[in-house]
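Spelled out, the chains give:
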Amino acid sequence: MSGPSDDTSASSLEYKRVLLKLSGEALLGASREFGIDETVLQNYVEEVRTAVECGAEVAIVIGGGNIFRGVEHAMEGMTRAHADYMGMLATMINGMALQDALEQVDLVTRLQSSIKMEEIAEPFIRRRAIRHLEKGRVVIFGAGTGNPYFTTDTAAALRGLEIGADVILKGTRVDGIFTADPEEDDSAERFERIHGDEVLRRDLRVMDMTALTLCQESEMPIIVFNMAASGNLRRLLEGETVGTHVHWDEAESPVERVPA
Ligand code: UDP
């Protein structure tokens, strides 16, 4: 079974314990309208495998937007809280798919759910999750925060803080945070580092407001990066500049762009 490598590689890591937020919506891949694209899933697995092999402790929060997004159905007339519980169940489907795919490459995993479903997942127990991580197991947190009216970004911020993660890593389909949506605007520029207050001031929609506020209060750094680019996760853990780093350091200039 794969596990963390020797102490030498682990101690050279910039970030040892990370909370990786994976998008449910990205699991659609290029052409699906619902469900799980096998290529995207395998890409997630490869990235996580290399991260574990270089000694990182990896906890994952996975979204559910590829299957069910509560707020959209609420707009169509469904009771919001009810729809959100369905959304949380969708994250469990993704969590189970990811767990199986990770175990197929010999990683040891535990799936913890914020809503009790003991036949398929452990209940979320903070200290237990930490113990799993210390033993080199990949911990997947499913069912969001367990509460309606929240998102999996908020679940990522919350669980990241609870397990004492060094950083929240938000894996996306784009290379980081841009001045405008890079999928729609060619002139959009990427920020290399940006102060969290500036993200909030510019309403850059890195994560929703609840998630960002949680990170702000505890000065939890966030890195937004392209999860589809092979090796990005490992490079980032080793301290290379990948994606956009959201920091809370008052001494630093609020914005730094990638030079043209
Ligand atoms: N959800 C919720 N509470 C949470 C997390 C998620 O109610 O703490 C629901 C909500 O309906 C959300 C859905 O689960 O739309 C799927 O999560 P999300 O939209 O964050 O997934 P992603 O954007 O990553 O695909």
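Everything that follows concerns the structure shown earlier in this document.
Worth saying up front: this structure is predicted, and the values here are computed from it rather than measured. (Residues numbered from 1 in each chain as written. Predicted model: local features only at pLDDT ≥ 70, side-chain atom pairs only at ≥ 80, totals over all residues. Heavy atoms only, no water.)

1. Some thoughts on helix 5 (residues 126-134)
Those residues of helix 5 that sit buried are A129, I130, H132 and L133. In a view along the axis of helix 5, the buried residues occupy a sector of 160°, so they form one face of it. Lining the buried residues of helix 5 we find strand 1 (17-22), strand 2 (57-62), strand 3 (109-113), strand 4 (122-123), strand 5 (138-142) and helix 6 (152-162). Following helix 5 by one or two positions, G136 has its phi on the positive side, about 85°. (Buried < 20%, exposed > 50% of the residue type's maximum accessible area, 1.4 Å probe, protein only. Helix = DSSP H or I, 4+ residues; strand = E, 2+ residues; numbered from the N terminus. Arc of directions from axis to C-beta. Contact = heavy atoms within 4.5 Å.)

2. Some words on the site of the ligand
The immediate surroundings of the ligand are formed by 20 residues, with G65, D84, T145, N147 and T152 found nearest. The contact in question runs from an oxygen atom of the ligand to an N or O atom on the side chain of R69, over 2.7 Å. A distance of 2.5 Å separates an oxygen atom of the ligand from a polar atom in the side chain of T152. The fraction of the free accessible surface of the ligand (530 Å²) that becomes covered by protein chains is 93%. Among the elements that take part in the shell around the ligand, helix 4 (residues 80-104) stands out by supplying 3 residues, more than any other. Classifying every residue of the shell around the ligand by side-chain character gives 4 nonpolar, 12 polar and 4 charged. (Near = heavy atom within 4 Å. Polar contact = N/O pair within 3.5 Å; in protein donor to acceptor, adjacent residues only side chain to side chain. Areas by Shrake-Rupley, 256 points an atom, 1.4 Å probe, with all protein chains shown as cover. Nonpolar A, V, L, I, M, F, W, Y, C, P; charged D, E, K, R; others polar.)

3. With respect to the packing of helix 6 against helix 8 (residues 209-218)
Geometry of a packed helix pair, given as the angle between the helix axes and the separation of the axes. Across the interface, helix 6 lies against helix 8 with an axial gap of 7 Å and an inter-helix angle of 20°. Considered as vectors, helix 6 and helix 8 are oriented roughly parallel to each other. Remark: the crossing between helix 6 and helix 8 carries left-handed chirality. Only T210, A211, L214, C215 and S218 of helix 8 make contact with helix 6, whose side of the interface consists of D153, T154, A157, L158 and L161. Residues that form the contact of helix 6 with helix 8 fall into these classes: 6 nonpolar, 3 polar and 1 charged. (Axes fitted to C-alpha atoms, helices over the stretch in contact; angles between N-to-C directions. Parallel < 35°, antiparallel > 145°, perpendicular 65-115°, else oblique. Left-handed = near helix turned anticlockwise from the far one by under 90°.)

4. A word on the pattern of salt bridges
Applying the stated criterion across every chain yields a total of 17 salt bridges. Across the salt bridge formed by K170 and D153, the nearest N and O atoms sit 2.8 Å from each other. Taken as a pair, K170 in strand 6 (residues 167-172) and D153 in helix 6 lie far apart in primary sequence, 17 residues in all. Its relative accessible area of 9% is what places D153 among the buried residues. Counted as one network, the salt bridges with shared partners bring together K21, D153 and K170. (Salt bridge = Lys/Arg side-chain N within 4 Å of Asp/Glu carboxyl O.)

5. Some words on the pairing of strand 2
For strand 2, the buried fraction is high: 6 of the 6 residues fall into the buried class. Neither face of strand 2 is exposed, since E57, A59 and V61 on one face and V58, I60 and I62 on the opposite face are all buried. Bridge count between strand 1 and strand 2: 6 bridges; the pairing is parallel. Residue pairing across strands places R17 opposite E57, the latter belonging to strand 2. (Pairing = 2+ DSSP bridges.)

6. Digging into the side chain of Q112
Here Q112 shows up in strand 3. A distance of 2.9 Å separates the side chain of Q112 from the side chain of E122, its partner in a polar contact. Contact partners of Q112, with chain neighbours within four places excluded, come to E122, P123, F124, I125, R128, A129, H132, V139, I140, F141 and G142.

7. Examining the nonpolar core
In this structure, L169 and L237 are the most contacted members of the largest nonpolar core, which totals 40 residues. Of all the secondary structure elements, the ones that give two or more residues to this core are strand 1, helix 2 (38-53), strand 2, helix 4, strand 5, strand 6, strand 8 (222-226) and helix 9 (232-237). A total of 7 residues in this core trace back to one element, the largest contributor, which is helix 2. Ranked by size, the runner-up nonpolar core spans 30 residues in total, among them A156, I168, M207 and V246. (Core = buried A, V, L, I, M, F, W, Y, C linked by side-chain atoms within 4.5 Å.)

8. A closer look at a negative patch on the surface
The grouping of D197, E219, D249 and E250 at the surface amounts to a negative patch. With respect to the secondary-structure elements, E250 resides in the loop between strand 9 (244-247) and strand 10 (255-257). (Patch = residues over 30% accessible without salt bridge, like charges linked within 9 Å, V, L, I, M, F, W, Y side chains within 5 Å. Lys, Arg positive; Asp, Glu negative; His and termini not counted. Charge placed at Lys NZ, Arg CZ, Asp CG, Glu CD.)

9. Things to note about the packing of helix 2 against helix 4
Running from amino to carboxyl end, helix 2 crosses helix 4 at an angle of 55°, the nearest separation of the two axes being 10 Å. Here helix 2 is positioned oblique relative to helix 4, judged by the angle of their axes. Crossing of helix 2 over helix 4 shows right-handed handedness. Every residue of helix 4 that contacts helix 2 at L41, Q42, Y44, V45 and V48 is listed here: A97, L98, A101 and L102.

10. Points about the layout of surface pockets
Which parts of space are left empty comes out when a probe the size of a water molecule is rolled across the atoms. Here the largest pocket defines a volume of roughly 1300 Å³. In terms of lining, the largest pocket is formed by 45 residues, of which the most central are E25, R69, D153, K170 and V206. Elements represented by at least two residues in the lining of the largest pocket include exactly strand 1, helix 3 (70-75), helix 4, helix 6 and strand 6. With 5 residues, the single largest contributor to the lining of the largest pocket is helix 4. Of the residues that constitute the lining of the largest pocket, the class distribution is 16 nonpolar, 17 polar and 12 charged. (1 Å grid on protein atoms, 1.4 Å probe; cavity = no way out; pocket = protein on both sides within 12 Å on 5 of 7 lines; lining within 4 Å. Points joined across faces, edges and corners; volume = space filled by probe spheres on them.)

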